[in-house]
Amino acid sequence: MNPSTAQARVIVDELVRCGVGDVVLCPGSRNAPFAIALHDADAAGRLRLHVRIDERTAAFLALGLALRSGRPVPVCTTSGTAVANLHPAVLEASYAGVPLVALTADRPPELVGTGASQTVVQPGIFGDAVRHAAVLAVARSEAGQQGRWRAAVDRALAAALRDPGPVHLDVPFAEPLVPDDDTSWPDPLDGRAGGRPWTAVAPGMPAASEPLPLDPAAPTVVVVGPGAPAGLDLAGLPVVAEPSSGYWGAGLRAGPWLLGDPSLRPAQVVVAGRPTLHRPVQRLLADPAVAVHAIGDGAPWTDVAATVRAVGSLPAMRPDAGWLARWQAADRAASVALDAALADDAPTGLRLAHALAAALPDGAALVLGSSNPVRDMALAGAPRAGLTVVSNRGVAGIDGTVSTATGVALAHDGPTFALLGDLTLLHDTTGLVLGPDEPAPDLTFVVLNDRGGGIFSLLEQGAPAHAASFERVFGTPHTVDVAALCAAVGVAHTAVDDPAKLAEVLGVPAGRTLVEVRAERGDLRDGHARLRARIDAALSGL
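Now for a quick tour of the structure. (Residues numbered from 1 in each chain as written. Predicted model: local features only at pLDDT ≥ 70, side-chain atom pairs only at ≥ 80, totals over all residues. Heavy atoms only, no water.)

1. Topic: the pattern of salt bridges
(1) Moving on: Per the stated rule, a full pass over the model turns up 22 salt bridges.
(2) Moving on: For Arg521, the salt bridge is made with Glu471, and the minimal N-O distance between the two is 2.7 Å. Pair noted here: Arg521 is in the loop between β17 (512–518) and α17 (524–540) and Glu471 is in helix α14 (residues 467–475), with a separation of 50 residues, a long-range link.
(3) Moving on: Notably, a salt bridge pairs Asp497 with Lys501, separated by 3.1 Å at the nearest N-O pair.
(4) Moving on: Look at Asp497 and you get exposed, because its relative accessible area is 59%.
(5) Moving on: Looking at Lys501, the relative accessible area reads 35%, which means it is partly exposed.
(6) Moving on: What you see here is one network of salt bridges that share partners, running through Asp13, Glu14, Arg17, Arg46 and Arg150. (Salt bridge = Lys/Arg side-chain N within 4 Å of Asp/Glu carboxyl O. Helix = DSSP H or I, 4+ residues; strand = E, 2+ residues; numbered from the N terminus. Buried < 20%, exposed > 50% of the residue type's maximum accessible area, 1.4 Å probe, protein only.)

2. Focus: the nonpolar core
Considering soluble globular proteins, one finds that nonpolar side chains tend to be buried as a cluster.
(1) Moving on: If you look at the biggest cluster of nonpolar residues, it comprises 39 residues, and the most contacted ones within it are Ile11, Phe34, Leu38, Leu47 and Trp149.
(2) Moving on: Among the elements of the structure, α1 (3–17), β1 (22–25), α2 (32–43), β4 (100–106), α6 (146–162) and β6 (167–172) are those that each provide at least two residues to this core.
(3) Moving on: Phe34 has contacts with Ala8, Ile11, Val12, Cys76, Leu103, Val171 and Phe173, leaving out every residue within four places of it along the chain.
(4) Moving on: Core analysis: the next-biggest nonpolar cluster, separate from the first, contains 33 residues, Val269, Val281, Leu285 and Leu338 among them. (Core = buried A, V, L, I, M, F, W, Y, C linked by side-chain atoms within 4.5 Å. Contact = heavy atoms within 4.5 Å.)

3. Comments concerning α2
(1) Moving on: The first and last C-alpha atoms of α2 sit 16 Å apart over twelve residues, in line with the 16 Å expected at 1.5 Å per residue.
(2) Moving on: Listing the buried residues of α2 in full gives Ala32, Pro33, Phe34, Ala37, Leu38 and Ala41.
(3) Moving on: Contacts made by the buried residues of α2 are with α1, β1, β2 (48–51), β3 (73–77), β4 and β6. (Expected span 1.5 Å × (residues − 1).)

4. Comments concerning the pairing of β4
(1) Moving on: Within β4, seven of the seven residues are buried, which leaves the element mostly enclosed by the surrounding structure.
(2) Moving on: Sheet topology note: the β3/β4 ladder contains five bridges and is parallel. Note that in β4 the partner of Val73 across the bridge is Leu100.
(3) Moving on: As paired elements, β4 and β6 share six bridges and run parallel to each other. Within β6, the position partnered with Val101 by the bridge is Val167. (Pairing = 2+ DSSP bridges.)

5. With respect to the sheet that holds β17
(1) Moving on: With parallel pairing, the six strands of this open sheet are ordered in space as β13-β12-β14-β15-β17-β16. Every other strand in the sheet has two partners, leaving β13 (388–391) and β16 (492–496) as the edge strands with one partner each. Strand-to-strand twist of the sheet, defined as the mean angle between neighbouring strand axes without regard to direction, takes the value 20°.
(2) Moving on: In this sheet, strand β15 (residues 443–449) lies alongside strand β14 (residues 416–421) in parallel orientation, the contact comprising six bridges. When the bridges of β15 are listed, Thr416 appears paired with Leu443.
(3) Moving on: Each of β12 (365–368), β14, β15 and β17 touches helix α10 (residues 348–359); the most contacted strand, β15, lies at about 160° to it. (Axes fitted to C-alpha atoms, helices over the stretch in contact; angles between N-to-C directions.)

6. Considerations on the packing of aromatic side chains
(1) Moving on: Taken as a whole and judged by the stated rule, the model has four aromatic pairs.
(2) Moving on: Taken together, a centroid distance of 6.1 Å and an interplanar angle of 65° make the contact between Trp323 and Trp327 edge-to-face. Placement of the pair is Trp323 and Trp327 together in helix α9 (residues 321–342), with a separation of four residues, close to one helical turn. With respect to burial, Trp323 and Trp327 carry one shared label: buried.
(3) Moving on: In this structure an aromatic cluster arises from ring pairing among Phe456, Phe470 and Phe474. (Phe/Tyr/Trp six-rings, centres within 6.5 Å; stacked < 30°, edge-to-face > 60°.)

7. Here's the deal with the side chain of His132
(1) Moving on: As for its position among the elements, His132 is in strand β5 (residues 132–135).
(2) Moving on: For His132, a relative accessible area of 18% corresponds to the buried category.

8. Focus on helix α5 (residues 87–96)
(1) Moving on: Of all the residues in α5, the buried ones are Ala89, Val90, Glu92, Ala93 and Ser94.
(2) Moving on: Those residues of α5 that are buried lie in contact with α3 (55–69) and β4.
(3) Moving on: Phi turns positive, to about 70°, at Gly97, one or two residues after α5.

9. Comments concerning the environment of Val112
(1) Moving on: Topologically, Val112 is positioned in the loop between β4 and β5.
(2) Moving on: Residue class for Val112 comes out partly exposed when judged on its relative accessible area of 31%.
(3) Moving on: In this structure, the C-alpha to C-alpha distance between Val112 and Ala537, residues 425 residues apart in sequence, is 67 Å.
(4) Moving on: Aside from chain neighbours lying at most four places away, what touches Val112 is Thr119, Val120 and Val121.

10. Quick look at the side chain of Asp422
(1) Moving on: As for its placement among the helices and strands, Asp422 is situated in helix α13 (residues 422–427).
(2) Moving on: Buried charge without a partner: Asp422 forms no salt bridge, and the closest opposite charge is Arg521, 6.2 Å away.
(3) Moving on: Each residue touching Asp422, except ones within four places of it in the same chain, is listed here: Val447, Leu448, Asn449, Asp450, Arg451, Gly452 and His478. (Lys, Arg positive; Asp, Glu negative; His and termini not counted.)

11. What about the sheet that holds β2?
(1) Moving on: Judged by pairing direction, the sheet is parallel, and its six strands sit side by side in the order β2-β1-β3-β4-β6-β5 without closing on themselves. Where the open sheet ends on each side, the last strands, each with one partner, are β2 and β5. Here the average twist between neighbouring strands, direction ignored, is 20°.
(2) Moving on: α2 rests against β1, β2, β3, β4 and β6 of the sheet, and its axis sits at about 135° to β2.

Structure representation (structure tokens):
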């Protein structure tokens, strides 16, 4: 066999030996050795191959697979701009701590800078977003190379898991790029006996951390975002948890609505993970009268306001029962007002999030789009156990969310649902394109279609003073027929005009379905203001 074929076969074999179960591939010429080797491994049942035509979509698909499974997932591309299209997903994986592997083919180094087609300088293309980057040597027809190829794979995957995040393997291939009739090779290409990796790397142990210097009896609030360590004992403490934090079920129903209440201001706050959704959280963390501490093992911690006094583990707490009781009473009062508004005149997005959270079956996965959907769920959904909730909050972009949800669904043992806005859907329409031979997920998209960018109505640029410019440059209206889009890509479509009817059309998904919920954006800002006023009135009566 030729050197490129041998190298690709060995690398794919080592990926499998290291526990890789899914690989995403985009078509190309320079990565043909990988494409053929991956196809053969898929046909042999050694891994599951997913083929996509768009590299950005492919990368977010791999991200979703890795996000749900916790295992490294390579995305394999050809050279040139194909590599650059991985960058958004690499950034998300970096900030969210997801083990994504960019496995990119390249031209031999002597062709870089010569004007060769589809050739860019790949080394360093992802900057400091990757935990590890390596450029392999061009394979040659000589003995003694496979150990280096296998060791490079082992090193990259270990780096992706040790400090979870993306890694980059740049593999230059010389022609010929497809197998030939010559089956000889200078030495055996078999790996270690028993299917073991070439270099077995023990999983890293988390660094021990000192207990935080907290006052165990002081009024304390815990704020939890994605990336929080598992197993925290939060009993007796008021918890404000974002839906994708892993602690949503332990959080207060109306927690985000309560943080601005002066009567509930804590003496100290403990931050776990990376909370990013709510401005009241950021104001609380910036309050100089509040002692802020972060849970962590020395890795980067969240400290936007530069107020964190210490980073460590959570010690045993002895909170005053009256402190928790005050928060619980406020939570009950705010929840009553919230439920009344959700049954009355609350914005459609909030009513949709509330209805969806209640309708999902136990064991389901829920993917929340950035912008309004994840916030609507945090503000209106009743926290519950029995769901796996994820979202792309590493960089909080809307790009690639359809593909991320597809990856989560393919890695999840059960039905998967995704709550998206219409712009998030349109930003990743290629994520709906599925080849006839590709693994298909059980996935229901629930899309709030208000024909534009609703979140901007709630930000400063949505104020009446900016009305003249708002609709075109922030609202970004569109006239896309979502039903026709679904028909074009083979996704079943259902439309409902009221979130209260959502449970009637969800059921247990089989295949891919999109439920479109149509809404208007015009009253969104005022609707949130009315809801805020109702909750404030309920709290003032305590």
